[in-house]
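Summary of structural features
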Amino acid sequence: MGHLFSKNGYSLKKKTRKLRKKKRRRNCFLQGPCMLCFIVHGPSASIEDDWPFEAAKLAERYVSLNSPEECAAFLLSPGELGIWEGQGRGLLSAKLIGPPALFCVDYSEMVCKRKCADLQRCSPRKQPRCAFQEPMENEERGDAGAPESQCLLRPSSSNSSSSPSDGSGVAWRSDASGAGDASSSCSCQLSQNEGLEEGKSAENTDTSHVNQLPSSILLKVFSHLSVKERCLGASLVCKYWRDLCLDFQFWKQIDLSGLQQVKDDLLVKIASRRQNVTEINISDCRNVQDHGVCSLASNCPGLIKYTAYRCKQLSDVSLCTAAAHCPLLQKVHVGNQDKLTDHALRLLGEHCKELKDVHFGQCYSISDDGLVALAQGCNKLQRIYMQENKLVTDRSVQAFAENCPELQFVGFMGCSVTSQGVIHLTRLQSLSSLDLRHISELNNETVMEVVRKCRNLTSLNLCLNWTINDRCVEIIAKEGRSLKELYLVSCKITDHALIAIGQYSSTIETVDAGWCKEITDQGATQIAKSSKSLRYLGLMRCDKVNEETVERLVLQYPHIVFSTVMQDCKRTLERAYQMGWSPNTSTAS
């Protein structure tokens, strides 16, 4: 559109093909607003038939303008705009033509978006109020001649010689009288002042935009988003947010768990661009292979935490590469990987001396050889968890007890461990949590000895051990001075065990006695009445405990949570109602 308003008006007669071949320099001879940015019009005649001649004539009139004020006053009617549209063929968009009203803003103060960047900027309005303020007021007053009092100035046609003209050759005519001209000029001036005030207020409100916050605050806000929310949501808002979402601190801890679209190529790209990755979680990413994990581990020597639960497709190669290239590893959770063997554990013991937390649950190929090598090489271990590892025996338990004195959490659920191995845990003075679920050969004397010797024990899980009886629970309640959690699901206990806990223990807060068929209303009532520290009592599937008794206890001891089938269902419904859920009452099929 720029060439249509150039200095040479006769160039409009040339074909557009030549203009495409030879690029003309866009040049505005005035430092005022360009007609390409601000187009105004008035309600006048239709399009003439001889549009090529008229277009050239309008161009000559535009060239004759000598000042920004004259350029701002150069107005086009819809008919003349149609001539330009016919000449430009699509360069003028119909969206630029608004309702039949004249802009009365002083456009000499505005700035062309292509030119005149050095002038003072002013935010233009698409529809100034002067175009609609007068009609609305006149409609309220009920004046019949209201439309004539508007400030509607438009250029006259070539045959209107009676209208006054200025030195630029542009003739003007007014539809109002002298009094109408004065009132319209006043309304224009008022609307101009209002536009300037609104522009200033808009500039002031820009300071309250979220992007005006310091980048540190925005980074803190984005840190609460997941990788998916940052990449597929916040980073698409604007370039500034995209740069913030690509900040290096967000790519230190990468959580890709559960994303099935994650493949090796993504891990390779992360490894090539983000060498400062310290944590990676690819749990349940079943499309990730050894190649992607090896690339990430090879290029990220500062990796500290590696989590890959249920990645059955991974083999020893992934963990071996991580052990060889990431000597700062402190956490390795690779539960439920069938292909993991003792070779990877040996490499961890040789290279990763800072290892503190390991999880090898349901890795069925791991045996005592790998765990012993791990225990001998990683003396700083604090947490070790095994689950259903049938090749793990008392030898592994003894190795950890002898070589890892800082152990705080030990779990051997369902392993081939006996009381002879568990008794070695009495050496661990820092032991705070012990998980001995489903240990087939665990006697009461061993458990009591562990509770006596481990004075910092706060959580003890003895579920699924049918040999644990009331006497053992009574000793635990008496000797466990720091014990807060005691899990006795499916143990061989009666009401006497619950009564002993309420009578002798002042620290136990959680007791789970679910599926203990000998528990009755008496045991539940006595422990709730006598215990001052109890906050949770699990009675799931204790068939001899009546629901009416539990309802009475809930009302009588509101600080205690009683867990039964009915009570859990009620709490679930209450949470659902609080979150806005409502039952579906529609009868539609």
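Each chain has its residues counted from 1, running along the sequence as written. pLDDT decides what is reported in this predicted model: residues at 70 or higher carry local features, side-chain atom pairs at 80 or more are listed and counted, and totals for whole chains, interfaces and linings draw on all residues regardless. The basis for every side-chain value is the complete set of heavy atoms in the structure, and neither hydrogens nor water enter the calculation.

As a further point, take helix α14 (residues 368-377). Where burial is concerned, most of α14 is hidden: seven out of the ten residues are buried. For α14, every residue scored as buried is listed here: Asp 368, Gly 370, Leu 371, Val 372, Leu 374, Ala 375 and Gly 377. Exposure classes here rest on a 1.4 Å probe applied to the protein chains alone. A residue is buried below 20% of its type maximum, exposed above 50%, and partly exposed in between. Think of it this way: any DSSP run of H or I at least four residues long counts as a helix, any run of E at least two long counts as a strand, and we number them from the N terminus.

Phi is positive for His 438, which is not a glycine, with a value near 55°. Position of His 438 among the secondary structure elements: in the loop between β10 (433-435) and α17 (444-453). Under the relative-accessibility criterion, His 438 is labelled partly exposed at 34%.

What follows deals with the pattern of salt bridges. Counted as salt bridges are all cases of a side-chain nitrogen of Lys or Arg within 4 Å of a carboxyl oxygen of Asp or Glu. Following the criterion strictly, the structure yields 18 salt bridges and no others. Measuring nitrogen to oxygen at the nearest pair gives 3.7 Å for the salt bridge that ties Asp 357 to Arg 383. Of this pair, Asp 357 sits in strand β7 (residues 357-359) while Arg 383 sits in strand β8 (residues 383-387); the two residues are 26 residues apart in sequence, bridging distant segments of the chain. Between Glu 474 and Lys 478 there is a salt bridge; the shortest N-O distance is 3.1 Å. Here Glu 474 and its partner Lys 478 are both found in helix α18 (residues 470-479), four residues apart, which amounts to about one turn of the helix. A single salt-bridge network, built from bridges that share partners, covers Glu 449, Arg 452 and Lys 453.

Here the focus is helix α12 (residues 316-325). Counting buried positions along α12 yields seven of ten residues, so the element is predominantly enclosed. If you check which residues of α12 are buried, you get Asp 316, Ser 318, Leu 319, Cys 320, Thr 321, Ala 322 and Ala 323. We call two residues in contact whenever any of their non-hydrogen atoms come within 4.5 Å of each other. Against the buried residues of α12 lie α11 (290-299), β5 (305-307), β6 (331-333) and α13 (342-351).

A pair of Phe, Tyr and Trp rings is counted when the ring centres sit within 6.5 Å of each other, with Trp represented by its six-membered ring. The angle between the planes then sorts it: under 30 degrees is stacked, over 60 is edge-to-face, the rest tilted. The tally for this structure, following the rule as stated, stands at three aromatic pairs. For the ring pair Tyr 385 and Phe 409, a centre distance of 6.2 Å and an interplane angle of 35° mean the geometry is tilted. Highlighted residues: Tyr 385 in strand β8 and Phe 409 in strand β9 (residues 409-413), separated in sequence by 24 residues. When its relative accessible area of 15% is taken as the criterion, Phe 409 is described as buried. Pairing Tyr 577 with Trp 581 gives two aromatic rings, centres 5.4 Å apart and planes at 50°, and the pair type is tilted. We classify Tyr 577 as partly exposed; its relative accessible area is 47%. Whether a charge lies above a ring is judged from NZ of Lys or CZ of Arg, which has to be within 6 Å of the ring centre and within 35 degrees of the ring normal. Geometry around Phe 409 places Arg 383 over its ring, the cationic atom sitting 4.3 Å from the centre.

Within the fold, Val 262 resides in the loop between β3 (253-255) and α10 (264-273). Look at Val 262 and you get buried, because its relative accessible area is 2%. Each C-alpha atom, one on Val 262 and one on Val 288, is 6.7 Å from the other, the two residues being 26 residues apart in sequence.

The subject of this paragraph is the pairing of β8. With four of five residues buried, β8 lies mostly within the body of the structure. Crossover handedness is defined here as right-handed if the route from the first strand over the helix to the second strand goes clockwise, with the strands pointing away from the viewer. Of the crossover connections in this fold, the one passing from β7 over α14 to the parallel β8 is right-handed. Strand pairing follows a simple DSSP-based rule, namely that at least 2 bridges must link the two strands. The pairing of β8 with β9 spans five bridges and is parallel. Across the sheet, the residue bridging to Ile 384 is Val 410, located in β9. What joins β8 to β9 is helix α15 (residues 394-403), and the crossover it makes is right-handed.

Moving on, we get to the packing of α17 against α18. In this analysis, axes come from line fits to C-alpha atoms, helices being fitted only over the stretch in contact, and the angle between any two N-to-C directions falls in the range 0 to 180 degrees. Axis separation between α17 and α18 bottoms out at 9 Å; the angle between their running directions is 5°. As summarised for this structure, α17 and α18 are arranged roughly parallel, according to the angle between their axes. Side by side, α17 and α18 meet where Asn 444, Glu 445, Val 447, Met 448, Val 451 and Arg 452 of the first sit next to Arg 471, Cys 472, Ile 475, Ile 476 and Glu 479 of the second. Roughly parallel means an angle under 35 degrees; roughly antiparallel, over 145; roughly perpendicular, 65 to 115; everything else is oblique.

Next up on the list: the nonpolar core. If you look at the biggest cluster of nonpolar residues, it comprises 115 residues, and the most contacted ones within it are Tyr 306, Leu 329, Phe 360 and Leu 460. If we skip the residues at most four places from it in the chain, Phe 360 touches Val 332, Val 334, Leu 340, Leu 345, Leu 348, Ile 366, Leu 371, Leu 374, Tyr 385, Met 386 and Asn 389. What makes a nonpolar core is a set of buried Ala, Val, Leu, Ile, Met, Phe, Trp, Tyr and Cys residues whose side-chain atoms join them at distances within 4.5 Å.

This next bit is on the packing of α11 against α12. Where α11 meets α12, the closest approach of the two axes is 9 Å, and the angle between their N-to-C directions is 5°. For the element pair α11 / α12, the angle class is roughly parallel. On the side of α11, the interface is formed by Asp 290, Val 293, Cys 294, Ala 297 and Ser 298, while α12 contributes Val 317, Ser 318, Thr 321, Ala 322 and His 325. Of the residues contributing to the contact of α11 with α12, the split by class is five nonpolar, four polar and one charged. All residues other than Ala, Val, Leu, Ile, Met, Phe, Trp, Tyr, Cys, Pro, Asp, Glu, Lys and Arg, Gly among them, are scored as polar; the first ten of these are nonpolar and the last four charged.

This next bit is on the environment of Arg 571. Within the secondary structure, Arg 571 sits in helix α22 (residues 565-578). Beyond its immediate sequence surroundings of up to four residues, Arg 571 is in contact with Val 561, Phe 562 and Ser 563.

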